[in-house]
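Chains, contacts and geometry: an overview
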Amino acid sequence: MGTTTTIRKTAAKVATLTRLKQVRSPADLAINGAPAMFPEPLHVGRPNIGDHKSFLQRASDILDGGWLTNNGPVAQEFEQRVASFLGVKHCVAMCNGTIALEIATRALDLKGEVIVPSYTFIATAHALQWQEITPIFADIDPATHNLDPAAVWRMITPRTTGIIGVHLWGRPSPVKELEAIGREHDLRLMFDASHGFGCSLGGKLLGGFGECEVFSFHATKFFNTFEGGAVVTDNDALAEKMRLMRNFGFSGYDNVIYPGTNGKMTEIAAAMGLTNLEDLEEFIAINRRNYKCYQNCIASIPGLTMLGYDESEHNNYQYIVVEVAPYFPVSRDRMIEVLRAENVLARRYFWPGCHNMEPYRSFYPHAGLLLPKTNAVAERVVVLPTGSAVSTADVEAICSILRAAALTPR
Ligand SMILES: Cc1ncc(COP(=O)(O)O)c(C=O)c1O
């Protein structure tokens, strides 16, 4: 059974099993005593899973072959497929995105201070801190949620060695501007592309920018390998260095030539990756369909704005990012409570910003003064469920909840 069939069957099952309630006014909301909209929770980041048969065949072949990890044939095939899909020379597959970030920053010889956004998943900052490199948080552009080049420029000191741009929500960082800053100040530039698999800038897929780019293939990402990650690059020497680093520094059986760690991707993870790669277009089509449906509905709700994707580019549409205006009748946090009561597990990513989490909060108690846009955006964003587990009927039902919340008396 192909993925299309699986997804259609699941959608049909949900439609017949679940009669979604009609929500016309605040009185119909679960928070006001009505039954919940969904019997099962709708998660942000529920995994997209490709064709089960293909995966199980690959799993069976791995068991028959007895080669479970250590750069096996499936991991090698996965690396080749990813590199050719992204149009880069090298893909170095890893056990997760965090280790991939750590290995990439180490291989680039970053030290001292590295400029990153605070409005990102904590791993971007932790990967640096773990190596005693100081993450320096620069503010974002509130229109894009990505690094503001002028803010990056302001945070440069004599100790700065590099910049990590994050392609937040799969929407590209200001690559050209960051490259110019890097050139002017002799800084190394890499990207955390964890959200950006299958997304492009100027028609070129993310993965080919900066000195290297890092992907996360965590289960919650649009494209997953259970857990996994990769660093991709066109730099032969850098790729070689990272291959050594992810395998304890081994060059041959008994010869260690580098301080390394264990960052290898397992065969079963690579099998999941190969399977999901085959269904990538379908995942994108579903995400786009849901995105369009959300866009239509949310456009008619005053006080809610959805972050758009540039339709002239490739997008994976994996995040439905909504900003709640101060004049909306319920606050962002109250709206999340309203949605949770309906079993819609909306999230306030990436609140409260890395600078407000430990150890950074204690290290730089006044960092927020330099991050007004980060603070403001983190206070107003809510991320809604999408992906292959969410149908357009679900999206319309979620939007009916939002519409009723908008009618709540202030
Ligand atoms: C922006 C960003 N960076 C890094 C990571 C870390 O990736 P992983 O969970 O694969 O370690 C994630 C996701 O988890 C992420 O969203």
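Everything here concerns the structure above.
These lines cover the structure that appears in this document, whether it is placed above or below. (Residues numbered from 1 in each chain as written. Predicted model: local features only at pLDDT ≥ 70, side-chain atom pairs only at ≥ 80, totals over all residues. Heavy atoms only, no water.)

Here the focus is the site of the ligand. T98, D192, H195, S216 and K221 are the nearest of the 15 residues found near the ligand. At 3.2 Å from a nitrogen atom of the ligand is found a side-chain nitrogen or oxygen belonging to S194. When residues of the shell around the ligand are traced back to their parent elements, those giving at least two are helix 4 (97–107) and helix 5 (122–129). A per-element tally of the shell around the ligand places helix 4 first, with three residues. A per-class count over the shell around the ligand returns three nonpolar, ten polar and two charged. (Near = heavy atom within 4 Å. Polar contact = N/O pair within 3.5 Å; in protein donor to acceptor, adjacent residues only side chain to side chain. Helix = DSSP H or I, 4+ residues; strand = E, 2+ residues; numbered from the N terminus. Nonpolar A, V, L, I, M, F, W, Y, C, P; charged D, E, K, R; others polar.)

Note on soluble globular proteins: their nonpolar side chains tend to be buried together. Of all hydrophobic cores here, the largest spans 83 residues; its most connected members are W169, F197 and L384. Filtering out sequence-adjacent residues up to four positions away, F197 remains in contact with V82, F85, L86, F215, F217, F222, F223, L277, L280 and N316. (Core = buried A, V, L, I, M, F, W, Y, C linked by side-chain atoms within 4.5 Å. Buried < 20%, exposed > 50% of the residue type's maximum accessible area, 1.4 Å probe, protein only. Contact = heavy atoms within 4.5 Å.)

Between helix 4 and helix 5, whose axes approach to 9 Å, the crossing angle comes to 45°. Comparing their axes, helix 5 and helix 4 come out oblique. In the crossing of helix 4 with helix 5, the sense of the turn from one axis to the other is right-handed. Along the contact surface, helix 4 presents T98, L101, E102 and T105, while helix 5 presents A123, T124, A127 and L128. Of the residues belonging to the contact of helix 4 with helix 5, the class tally is four nonpolar, three polar and one charged. (Axes fitted to C-alpha atoms, helices over the stretch in contact; angles between N-to-C directions. Parallel < 35°, antiparallel > 145°, perpendicular 65-115°, else oblique. Left-handed = near helix turned anticlockwise from the far one by under 90°.)

To continue, consider the packing of aromatic side chains. Scanning all chains against the criterion turns up 22 aromatic pairs. Measuring from centroid to centroid gives 5.3 Å for F85 and F197, while their planes differ by 25°, and the two rings are stacked. One end of the pair, F85, is in helix 3 (residues 73–86); the other, F197, is in the loop between strand 6 (188–192) and strand 7 (200–201), and 112 residues separate them in sequence. Of the residues examined, F85 reaches a relative accessible area of 29% and is grouped as partly exposed. Ring geometry for F217 against F223: centres 5.1 Å apart, planes inclined by 75°, an arrangement best described as edge-to-face. Residue F223 is classed as buried on the basis of its relative accessible area, which comes to 1%. Three or more aromatic residues joined by ring pairs make a cluster, and in this case those are F78, F85, F197, F215, F217 and F223. In this structure, K204 packs its charged tip against the face of F209, placed 4.7 Å from the ring centre. In this arrangement the basic side chain of R348 is found over the ring face of W351, its NZ or CZ atom lying 3.7 Å from the centre. (Phe/Tyr/Trp six-rings, centres within 6.5 Å; stacked < 30°, edge-to-face > 60°. Lys NZ or Arg CZ within 6 Å of the ring centre and 35° of its normal.)

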